[in-house]
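# Inside the fold
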Amino acid sequence: MICFQENMKAFRELNRKRSKKHHPCIWLTCHFPRKSNEFVATPMDYESPDLVFDILWFMRVNFRMKSTKTYCEKVIRNFLSFIFVLGLFYTFSIRMRSFIVEDKGAMIVTEMLAFLCSIVLWISLNMQRHKIIAVNGATISDQMFPTIYNNGNSRRQRWINLISLITISAPIFTSALSMVISKITGEDINKHLTFLCFGFQLNVRTLYKYPILFLLRSFDLYICFASSQMICLLFSILSYNVHIRVKETEKQFETNVKDTNVLYSSSKALKSYKRMQKIILNLEKAISLPLFYVIAFLLCELFALMSNIIHLVRRSNSSSSLCVVVSATLLTGFHAVMLIFRVSSVEESYHSLIRTFVNLPDDNLSPPYVKELLQMLKLLAYHDQLYLTAWGMIPVRRGLFLTVVGTLATYGVLLVQFT
């Protein structure tokens, strides 16, 4: 017995090392199974979100968190939190000044609402962090790695790396492209520097104005949408992992149909169904509140970007600013679509799992009361209304995409007519 336990322990350790080596794209699975010396979040652990570390994990840079974190790790985490809070204060202040002095109306109001959503999103993500790790513990198991993530893993890993790289580098690339456009068209960049410097005129040479504007604009764009876009990407990957887990359980149901022991296969299918139900409920508890603020941020950001586009097209005097706004619109819209479709896929796959469970044969069950009990459970499962929501207010389904597009179109038409 002791030998068997040691073999099982060695097998699990081998699977953990293999999954950690070959599957860096699986968000938060680096914490499972947990060792005594690995970092484990507790309900009282309210440190900054590990978004930067998760992004580097996507890019195949492995960080192994210890329970006794090094001084360097503490400095990096606290420094990133300070920079993020300072950036939110900076971007909110320059837009508040622009709203008071320049009176740009709806354009600045929607941007400030987006910043407020970013602040509350950051706070809610801190509060829900231990719940997200708990979902990971219920979602991933050792025996699933060979069956789920081996097929097509390299292609999925390349896509995740590409999307992460685009999200991280988009502010820098956009700022550099706007600098090139300003240089080619001979556009005056003093007005952009004045906006980003709280109205102060910088008396420096033109040679130094471009690097200063590049740094300030890149920092502003990073704080505006880059961190929130990464949260969208991480939630999308977590939802996709749960979606794959549900699909794997559905395949197990189809295998159970061929089992000669009907009673055993039915009880096994019922346990799998209950386990999937618990996983999705845990996922709902973990991401429901942050998901609400993510969707609120995306809507406010899209409203602000549409207001900027209409304003810039009417003026037609700032090609570099139009380039920045269009790039931000494309990136925000892409992550919004990806988030909605990925989260909604969990509910769709769960309903498919219910249909497979309900269609399991029960004619050969005996005694009769077992058959009646299973039929009653199937009836309850058929009427099960389990879905992911944004704080219990907005069911995240594919129809939400059409709602967002229709709302944006209506807002654009009204904005054009009244301006």
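Residues numbered from 1 in each chain as written. Predicted model: local features only at pLDDT ≥ 70, side-chain atom pairs only at ≥ 80, totals over all residues. Heavy atoms only, no water.

### So, the overall build of the protein
If you tally the helices and strands in the protein, you get 13 helices and 2 strands. Out of the 419 residues in the protein, the part that is buried amounts to 49%. In the protein, the share of contacts with a sequence separation of at least 24, taken over all contacts with a separation of at least 6, comes to 81%. Carbon together with sulfur atoms contributes 66% to the accessible area of the protein, which is approximately 21,600 Å² in total. (Helix = DSSP H or I, 4+ residues; strand = E, 2+ residues; numbered from the N terminus. Buried < 20%, exposed > 50% of the residue type's maximum accessible area, 1.4 Å probe, protein only. Contact = heavy atoms within 4.5 Å. Areas by Shrake-Rupley, 256 points an atom, 1.4 Å probe, with all protein chains shown as cover.)

### Remarks on the UniProt feature "transmembrane region" (unreviewed entry) in the protein
Residues given the UniProt feature "transmembrane region" (unreviewed entry) here are residues 75-94, 106-125, 159-181, 219-242, 291-313, 319-341 and 399-418. Annotation note: span residues 219-242, helix share 100%, strand share 0%, distance between end C-alpha atoms 34 Å. (UniProt positions renumbered as here; feature names shortened; annotations may be inferred.)

### Remarks on the packing of aromatic side chains
The geometry of an aromatic ring pair is captured by two quantities: the separation of the ring centres and the angle between the planes. Throughout the structure, instances matching the rule amount to 10 aromatic pairs. A ring pair is formed by Tyr 90 and Phe 219, whose centres lie 6.0 Å apart and whose planes are at 40 degrees; its orientation type is tilted. Residue Tyr 90 is found in helix α3 (residues 71-101), and its partner Phe 219 is found in helix α9 (residues 206-257); the two are separated by 129 residues along the sequence. What makes Phe 219 partly exposed here is its relative accessible area of 26%. (Phe/Tyr/Trp six-rings, centres within 6.5 Å; stacked < 30°, edge-to-face > 60°.)

### Observations concerning the pattern of salt bridges
Across all of its chains, the model carries 5 salt bridges by this definition. A salt bridge links Glu 111 to Arg 95; its shortest N-O distance comes to 2.6 Å. Here Glu 111, found in helix α4 (residues 106-127), pairs with Arg 95, found in helix α3; they are 16 residues apart in sequence, far enough to count as distant. Here Arg 397 ties to Glu 347 by a salt bridge, and the two come within 3.2 Å at their closest N and O atoms. Residue Arg 397 is found in the loop between β2 (394-395) and α13 (399-418), and its partner Glu 347 is found in helix α11 (residues 319-358); the two are separated by 50 residues along the sequence. One salt-bridge network, in which partners are shared between bridges, spans Arg 95, Glu 111 and Asp 220. (Salt bridge = Lys/Arg side-chain N within 4 Å of Asp/Glu carboxyl O.)

### So, a nonpolar patch on the surface
A grouping of Ile 76, Phe 79, Leu 80, Phe 82, Leu 86 and Phe 89 is seen on the molecular surface, where their side chains present a nonpolar patch of about 600 Å² in accessible area. Mapped onto the fold, Leu 86 is located in helix α3. (Patch = residues over 30% accessible without salt bridge, like charges linked within 9 Å, V, L, I, M, F, W, Y side chains within 5 Å.)

### Digging into the confidence of the model for the protein
Across the protein, pLDDT averages 77, with 76% of residues at or above 70. Here helix α6 (residues 145-148) is the element of the protein with the lowest mean pLDDT, 37, and strand β1 (residues 389-390) is the one with the highest, 95. Every residue in residues 57-67 is under pLDDT 50, and counting partners more than four places away or in other chains gives 47 contacts. Every residue in residues 138-151 scores below 50 in pLDDT, and together they form 34 contacts with partners more than four places removed in sequence or on other chains. (pLDDT = per-residue confidence, 0-100.)

### Examining the packing of α4 against α9
Axis separation between α4 and α9 bottoms out at 10 Å; the angle between their running directions is 45 degrees. The angle between α4 and α9 places the two elements in the oblique class. Considering how the two elements wind past one another, α4 and α9 form a crossing that is left-handed. The segment α4 lies against α9, with Phe 115, Ser 118, Leu 121 and Leu 125 engaging Cys 224, Ser 228, Ile 231 and Phe 235. Within the contact of α4 with α9, the residues separate by chemical class into 6 nonpolar, 2 polar and no charged. (Axes fitted to C-alpha atoms, helices over the stretch in contact; angles between N-to-C directions. Parallel < 35°, antiparallel > 145°, perpendicular 65-115°, else oblique. Left-handed = near helix turned anticlockwise from the far one by under 90°. Nonpolar A, V, L, I, M, F, W, Y, C, P; charged D, E, K, R; others polar.)

### Thoughts on the nonpolar core
One finds Phe 235, Ile 280, Leu 283, Leu 291, Val 294, Leu 339 and Phe 357 to be the most contacted residues of the largest nonpolar core, which totals 68 residues. Elements that contribute at least two residues to this core include exactly α4, α5 (129-139), α9, α10 (262-315), α11, α12 (368-382) and α13. The greatest single-element share of this core, amounting to 24 residues, is contributed by α10. Excluding anything up to four places from it in sequence, Leu 283 contacts Val 135, Leu 238, Val 242, Ser 288, Val 346 and Leu 388. Listed in part, the 8 residues of the second largest apolar core include Tyr 90, Met 179, Leu 196 and Tyr 210. (Core = buried A, V, L, I, M, F, W, Y, C linked by side-chain atoms within 4.5 Å.)

### So, the side chain of Thr 110
Within the secondary structure, Thr 110 sits in helix α4. Its relative accessible area of 10% is what places Thr 110 among the buried residues.

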